[in-house]
Amino acid sequence: MYYASFGILAVIHHVIINYDILKNGGKGNQAAPSRHYNHFLQALLLFYISDFTWGFAIESDHFIIAYADTCLFFAAMALSVLLWTRFVVAFLGERGIRANILMTEGWLIFGFVIINLITNFFNPTIFYFAEGMVYVATAGRQVLMYAQVLMYASLTLYTLVVSTKSKGKERVHYMAVCTSGGV
């Protein structure tokens with residue numbers, strides 16, 4: 001229950017801070033950055049929900065629920081990486097090779113996770129549960145972590161470069177996105 005309480009607090013905090021965007025941000029132009037940001041926030045909400053649900057599943061010793069929820073956790077994490085990338089590229093309004101490379105990185109991470117979650121069912125490539133419902137991360141999880149760090153670092157650097165070429169409010173907004181991605 002202790003583990004799940006942090007996830008519950010994260011969900012409450014997330015909904016309070018982003019209520020207007022979650023409620024109204026998905027309306028309008030399909031390509032609008034606000035729509036992409038709304039999708040990212042929804043994926044993040046799914047991530048938080050799967051995180052606190054995992055705590056309950058582990059405490060209750062429900063292996064099947066814990067396994068399924070861990071898969072959902074990784075899928076939601078990969079989806080949030082992809083959707084954050086899509087939002088940043090749309091928000092910056094950039095086109096071209098750099099934007100395409102970043103989007104490809106996001107899709108590769110997402111694809112890596114989905115393929116490994118399918119494989120994980122037959123051969124643990126990302127995680128498994130040992131005796132007593134002990135979660136054990138495997139090499140695939142480490143690869144995923146390093147890929148995400150590189151992805152966010154390249155996205156942050158990209159946003160930093162674009163923001164240095166901007167002026168005024170636009171620069172401040174770009175730096176805020178840069179800082180968010182870096183953190």
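Keep in mind that what you see is a predicted model, and the values were worked out from it rather than measured.

A. Spatial organisation of the overall build of the protein. Along its length, the protein carries six helices and two strands. Start at the N end of the protein and walk to the C end: the helices and strands fall as α-α-α-α-β-β-α-α. The C-alpha atoms of the protein give 18 Å as radius of gyration, which agrees with the globular expectation for 183 residues (16 Å, within 12%). Across its three principal directions, the C-alpha atoms of the protein cover 55 × 35 × 25 Å. When the 183 residues of the protein are sorted by exposure, 40% land in the buried category. Carbon and sulfur atoms form 69% of the exposed surface of the protein, whose accessible area is close to 10400 Å². Within the protein, one finds 11 positive and 9 negative side-chain charges whose respective centroids are separated by 21 Å.

B. Representation of the pairing of strand 2 (residues 134-137) within the structure. Of the pairings in the sheet, the one linking strand 1 (residues 127-130) to strand 2 comprises four bridges and is antiparallel in character. Among the inter-strand pairings, Ala130 is bridged to a residue of strand 2, identified as Val134. The antiparallel pairing of strand 1 with strand 2 creates a hairpin that spans three residues between the two strands, and Gly132 there sits at a positive phi of about 75°.

C. Examining a nonpolar patch on the surface more closely. A cluster of nonpolar side chains, contributed by Leu9, Ile12, Ile16 and Ile17, occupies part of the molecular surface with about 430 Å² of accessible area. Tracing the chain through its elements places Leu9 in helix 1 (residues 2-24).

Cut-off values and rules
- Residues numbered from 1 in each chain as written.
- Predicted model: local features only at pLDDT ≥ 70, side-chain atom pairs only at ≥ 80, totals over all residues.
- Heavy atoms only, no water.
- Helix = DSSP H or I, 4+ residues; strand = E, 2+ residues; numbered from the N terminus.
- Rg over C-alpha atoms; globule rule 2.2 N^0.38 Å.
- Buried < 20%, exposed > 50% of the residue type's maximum accessible area, 1.4 Å probe, protein only.
- Areas by Shrake-Rupley, 256 points an atom, 1.4 Å probe, with all protein chains shown as cover.
- Lys, Arg positive; Asp, Glu negative; His and termini not counted.
- Charge placed at Lys NZ, Arg CZ, Asp CG, Glu CD.
- Pairing = 2+ DSSP bridges.
- Patch = residues over 30% accessible without salt bridge, like charges linked within 9 Å, V, L, I, M, F, W, Y side chains within 5 Å.
- Salt bridge = Lys/Arg side-chain N within 4 Å of Asp/Glu carboxyl O.

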